[in-house]
Structure formats: structure tokens, C-alpha cells
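Close look at the chain arrangement
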Amino acid sequence: MVIPTLSECARAVLRRIWPAVVLHQLSFTLFQTALQMVVKDRCDNASDPDPASREDGQQRAMADFFMTYNLIIQLVPVLPGVLLARASDRGWRRAPIVLPLCGYLGQTLGLLLVVTLRLPLQVMFGAAALVGATGEFSVLWPGFMTLASLGSSAKDRSKALMTAELLYGLAGLVGSLVSGHLFLLYSRSLGGGTVLLILSSLLYLTAICHSTALLQVQQVSSESEESTALIGDLSTDVSTETSTRRNLVNVVLLMSAGILYNSAVGGAVEILGIFVLKEPLSWDATMVGYGNAFGCAIFFTSFLAVVIFRQCVSDTTLILIGMISFASGIYFMSFVTSTGMFFAARSINMFALIPMPTIRSLISQQVPESSLSITLTLLQIILRLAGLAYVPAFTRLYQNSLDWYPGLVFLLASVLTVLAMIPVSVVGCRSDPKRRRHAAPEE
């Protein structure tokens, strides 16, 4: 009696989106550690032999590489993202998941060739273009979010999306903990990172097979759509035109907050990856893995915060809690001089991953389900286009302040986060009086 029940549960889980989320993040964290250490090694070998200027030269070379790499990642997926989102809304729900996973597999194999065949590091620019042409994360994550949203009610949508974030974070935690150790496993003829990249490629191949053969897709008919208010319930005597205008303003405000916050997080995290490799931290592959694992643990604390706090506070308040957590933690990061201080600063960021899933949840509640994929993808593309500004800005600021104050970029991230709190607060003020007006007749 128990065995069939367990079998049915396992079958049900395998047909959901969660295994693909876990497999992707496991694979990506392994690839990320390998890329970080390979770039460090190549830049170290190419830098000035003078020890006094060697580290600064290495940091600037790494910053230049990752700036170009990330700009390609940000720009190339724009057009493919729109096309894949339209295909998804027309019934091809697997397309925004399977194609990006294939691109990620190609990117991982590209780095494997760089390591084993001693190819130039610039080959990874081509690998970045390949994964970008298949949509990359700007298509993959909205694809995950679309299927998670279609499988939940509007009331439970924030929890469903944060569940995906939780699994994503836990997979990243596990992958990061083992990635540093796996990087050190290599044969003398092939080089460091070989085992890590082979395992990452196998996991991506498994994710592709799951998404193609096992993933169950819920189709939505236009007759079954229901339009839900963005924040709170709309009174029956309010006209459709008025409610649409009100919700449109809220969507614009939330998207503005999302752009500012994503720019702050993206710019800070980009520099954080190379910041830990220089003095006074000077991390090796194992510590890099531990640091990434600690960052992934924030997914778990953010999920717990959503589950606990959503019972007593509004979604806009949840967003503000997450933004305050990141702003204070990244401000502390600007003064870090030891590994202990680094982990203390990251601990303050424990709720930093609440804002973006909650913003997506609020926006998705206003959109017809047949247009859900294109809406979430357009939001992700807008965030990526913003990266064309913040990636070079943070990189150049870090390079120019490297000699006198490397933590200046983290101060800038803190300021941007505070600015992002303004439109969220406006949305909260606009929604509260409406809630009180609806509550009054019931009392």
C-alpha cells in the first residue's frame, strides 16, 4: 500500500518543474566555480611578473574579461527571448526551458575544451554568445516561473515562486559546497576543473532529458483566464478602464523598483566574485565554493521569511524587508577586510532574495495567463538591458577605485537599493487606503 503511494508521489514530482530547476542550478554552480578559477589562473599567468603590480593587474584583467562576458550574456538573449516567449504563449511551453538548457550545455562544453585543449580564454566569448542565442537565463527562469505560476492559484503564487527560489538556492548550496573540492580533482594531462565540468555537462544533459520527456505542461485556454487585481480586490463599482489605469501605474512602479534593485544586486555580485580573490581575502577554489554556498543559503532564509511574514504583512512590506536586508549587508561589505567580516556581511543579506520573486508575483497577477510567459520574459529582458549600463559602470568604478577603496562599488549598490525602496513604498501607500475602504463595510 505504501509503495504505490511513494511511486505516485515520485512520478508526480518528476512531472513538475522542480527537478529541472534543481538540475540546472547544480550544473551552473559547478560551471561557475570552474569559470571563476580558470579565469583567475589564466589572468595570473598573463599578468606582470612584478609582485607589487601583479595582483592589481590580475584583478583588472579579470574585471575586463567578466565585463565583456557579461555584456554578451546581457545583450544577445533579447531577440531570442521575445521569440521564445511568444512560442511559449502559443502552446510551446517547453521551448523556453529546453533550448536554454541546450545552450548552457554548449557553454559548459566550451569551457571544458578551453581547459583540456588549452584554447584561448576568449573562446568563452563565443560560448556566451551561444547560450545567449538560446535565450539564456532571461528565458529559462521566466519559463520556470510560468509553469510554476500556472500550477498555483493567485493567492498562493508568491509562495509557489519562492518555492522555486528555495529549490534553486538549495541546489546551489549543495553544488557550491562540493564544487571547490571537485575542481581540485584532475589528471596532470588535462588540468584543473575537468571532473567538475564533465559532471556539470552530465547534469545538464539529464535536465534536458527530463524537460523533454517527463515534464508535464498545463495548457491554458483563453476562456479560463481570469484577470486579478495587482494589489487587493477591486470594488465592483470601479470601471474596467479605471482599474486598468491604476494597475498599470503600479506595474510601472514595481518594474522601476525591480530595475534599480536588480542593478544593485547584479553589479555588486559581479564584483564580489573577483573581490574575494584579492588580498586581504585571497580565497582558493575551496573557499570560493564555500562562499558561493553561503550565498545560496540566502535562498532558504528568504523562503522562510516569505512563509512566516506573509501571514501578517503585505507583499510590498515583504519587498521592503528584503531591500533593507540587502542594503545594510552590502553597505557592511564595503568595509570587509577579513573572511569573518565577509560572512558577517553576507549574514545580514539573509532576506535579500525576497524582492524580485515577490515583484514578479505581483505583476503576474494582473496579466492574463495566456500572456504570462511574454510578460515575465519582457521583464527579464528589461532587467538584462539594464545590465548594459550597470555592468560596465560597476566594473570601471571598481577598477578606478581599486588602489584606494575597492569597496566603493558596494556603497553604490546600497544607495541604489535605497532608491528602489521609494517606488515600492509608493505602491504600498496607494494600496493601503483601498484595502481600508473595502474593509470598512465588512466591519
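Thresholds, definitions, all that
- Here the residue index of a chain counts from 1 through its sequence in written order.
- The predicted nature of this model means local features are confined to residues of pLDDT at least 70 and side-chain atom pairs, given and counted, to a pLDDT of 80 or more, with totals for whole chains, interfaces and linings taken over all residues.
- Side-chain calculation: all heavy atoms of the structure are included, whereas hydrogens and water are not.
- Put simply, DSSP H or I for four residues or longer makes a helix, DSSP E for two residues or longer makes a strand, and each gets a number counted from the N terminus.
- Think of it in three bands: residues with accessible area under 20% of the maximum for their type are buried, residues over 50% are exposed, and the middle band is partly exposed, with areas taken using a 1.4 Å probe on protein chains only.
- Two residues qualify as a contact provided that any one of their heavy atoms is within 4.5 Å of a heavy atom in the partner residue.
- Calculation of accessible area relied on Shrake-Rupley with a 1.4 Å probe; when residues are assessed, cover is drawn exclusively from the protein chains displayed.
- Salt bridge, as applied in this entry: a Lys or Arg side-chain nitrogen positioned within 4 Å of an Asp or Glu carboxyl oxygen.
- Two rings belonging to Phe, Tyr or Trp (six-membered ring only in the last case) form a pair when the distance between their centres is within 6.5 Å. Interplanar angles under 30 degrees mark stacking, angles over 60 mark edge-to-face geometry, and anything in between is tilted.
- A patch consists of residues exposed above 30% relative accessible area that lack any salt bridge, with like charges linked at up to 9 Å and nonpolar side chains (Val, Leu, Ile, Met, Phe, Trp, Tyr) linked at up to 5 Å.
- By convention a nonpolar core is built from buried Ala, Val, Leu, Ile, Met, Phe, Trp, Tyr and Cys residues, the set being connected through side-chain atoms within 4.5 Å.
- In this description, the arc belongs to the directions extending from the helix axis to the C-beta atoms.
- The axes are straight lines fitted to the C-alpha atoms, using for helices just the contacting stretch, and the angles between their N-to-C directions are given from 0 to 180°.
- For classification purposes, angles smaller than 35 degrees are called roughly parallel, those larger than 145 roughly antiparallel, those between 65 and 115 roughly perpendicular, and all remaining angles oblique.
- By convention the crossing between two helices is left-handed if the near helix lies anticlockwise of the far one by an angle smaller than a right angle, and right-handed if it lies clockwise.
- Three residue categories are used. Nonpolar comprises Ala, Val, Leu, Ile, Met, Phe, Trp, Tyr, Cys and Pro, charged comprises Asp, Glu, Lys and Arg, and polar comprises the others, including Gly.
- Note: pLDDT gives the predictor's confidence per residue, expressed from 0 to 100.

This part covers the overall build of the chain. Counting secondary structure elements, the chain contains 16 helices and 0 strands. Burial statistics for the chain: of 443 residues in total, 51% are counted as buried. In the chain, 84% of the contacts between residues at least 6 apart in sequence involve partners at least 24 apart. Accessible surface computed for the chain: about 18900 Å², of which carbon and sulfur atoms make up 66%.

Turning to the pattern of salt bridges, a few remarks are in order. A side chain of one charge can pair with a side chain of the opposite charge when the charged atoms of the two come close. One pass over the structure, following the stated rule, counts 3 salt bridges. R60 serves as the salt-bridge partner of D403, at 3.5 Å between the closest nitrogen and oxygen. Residue D403 is found in the loop between α15 (372-401) and α16 (408-442), and its partner R60 is found in helix α3 (residues 51-75); the two are separated by 343 residues along the sequence. E136 is the salt-bridge partner of R384, the closest N and O atoms lying 2.5 Å from each other. Taken as a pair, R384 in helix α15 and E136 in helix α7 (residues 136-150) lie far apart in primary sequence, 248 residues in all. Each member of the pair, R384 together with E136, is buried.

Glancing now at the packing of aromatic side chains. Ring pairs (aromatic) are described by centroid distance and by the angle formed between their planes. A complete count under the given rule lists 22 aromatic pairs for this structure. Ring geometry for F137 and Y168: centres 6.0 Å apart, planes at 45°, overall tilted. One end of the pair, F137, is in helix α7; the other, Y168, is in helix α8 (residues 157-183), with 31 residues separating them in the sequence. Here the aromatic rings of F342 and F343 are separated by 5.5 Å at their centres, their planes lie at 85°, and the arrangement is edge-to-face. Among the residues examined, F342 registers a relative accessible area of 3% and is labelled buried. Ring pairs connect the aromatic residues F137, W141, F144, Y168 and F299, which therefore count as one cluster.

A cluster of nonpolar side chains, namely L170, F300, L304 and I308, defines an oily patch on the protein surface of about 330 Å² accessible area. Relative to the helices and strands, L170 resides in helix α8.

Turning our eyes to something else, we now look at the nonpolar core. In terms of nonpolar packing, the biggest core is built from 105 residues, with I17, L35, L111, M124, F144, F342 and F410 touching the most fellow members. Ranked by the residues each element gives to this core, the list is headed by helix α2 (residues 18-46), at 13 residues. The residues touching F410, leaving out its near neighbours within four places in the chain, are A268, I271, L272, F275, I330, M333 and S334. Of all hydrophobic cores here, the second largest spans 7 residues; its members include M162, L166, F303 and L318.

So, about the environment of R310. Structurally, R310 can be placed in the loop between α11 (285-309) and α12 (315-333). Assessed through its relative accessible area of 23%, R310 is described here as partly exposed. Here the alpha-carbon distance between R310 and K159, two residues 151 residues apart in the chain, equals 9.0 Å.

Along helix α6 (residues 123-133), the positions that sit buried rather than exposed are M124, A127, A128, V131 and G132. Relative to the axis of α6, the buried residues are bounded by an arc of 140° and lie together on one face.

Turning to the packing of α12 against helix α14 (residues 355-364), a few remarks are in order. Across the interface, α12 lies against α14 with an axial gap of 8 Å and an inter-helix angle of 155°. The orientation of α12 relative to α14 falls into the category roughly antiparallel. Crossing angle aside, the handedness with which α12 passes α14 is left-handed. Residue-level inspection shows D315, I319, G322 and M323 of α12 in contact with α14, the latter providing P355, T358, I359 and L362. Tallied by class, residues from the contact of α12 with α14 come to 5 nonpolar, 2 polar and 1 charged.

Position of A213 relative to the elements: it lies in helix α9 (residues 194-214). Judged by relative accessible area, which is 61%, A213 ranks as exposed. For the pair A213 and R15, spaced 198 residues apart in the sequence, the C-alpha separation amounts to 9.1 Å.

With that out of the way, let us pick up the side chain of S201. As for its placement among the helices and strands, S201 is situated in helix α9. Exposure remark for S201: the relative accessible area of 9% places this residue in the buried category. Discounting residues that sit within four places of it in the chain, S201 has contacts with L105, T108 and L109.

To continue, consider the confidence of the model for the chain. When pLDDT is averaged along the chain, the result is 81, and 83% of the positions lie at 70 or above. Note that pLDDT drops below 50 for residues 222-238; the model gives that stretch 37 contacts with residues more than four away or on any other chain. In the model, residues 434-443 has pLDDT below 50 throughout and makes 10 contacts with residues more than four positions away in sequence or in other chains.

Now for the packing of helix α5 (residues 95-116) against α9. The packing of two helices is summarised by the inter-axis angle and the distance between the axes. Their axes nearest at 9 Å, the elements α5 and α9 cross at an angle of 165°. Regarding the angle of α5 to α9, the classification is roughly antiparallel. Relative to α9, the crossing made by α5 is left-handed. In contact with I97, V98, L101, C102, Y104, L105, T108, L109, L111, L112, V115 and T116 of α5, α9 contributes T194, L197, I198, S200, S201, Y204, L205, A207, I208, S211 and T212.

Turning to unusual backbone geometry, a few remarks are in order. With an omega dihedral of 10°, the bond running from E279 to P280 counts as a cis peptide bond. Considering the arrangement of structural elements, one finds P280 in the loop between α10 (240-275) and α11. The backbone of E136 shows a phi angle near 55°, a positive value even though the residue is not glycine. Positive phi values are uncommon outside glycine, yet S282 reaches one of about 50°. Take S282: it is sitting in the loop between α10 and α11.

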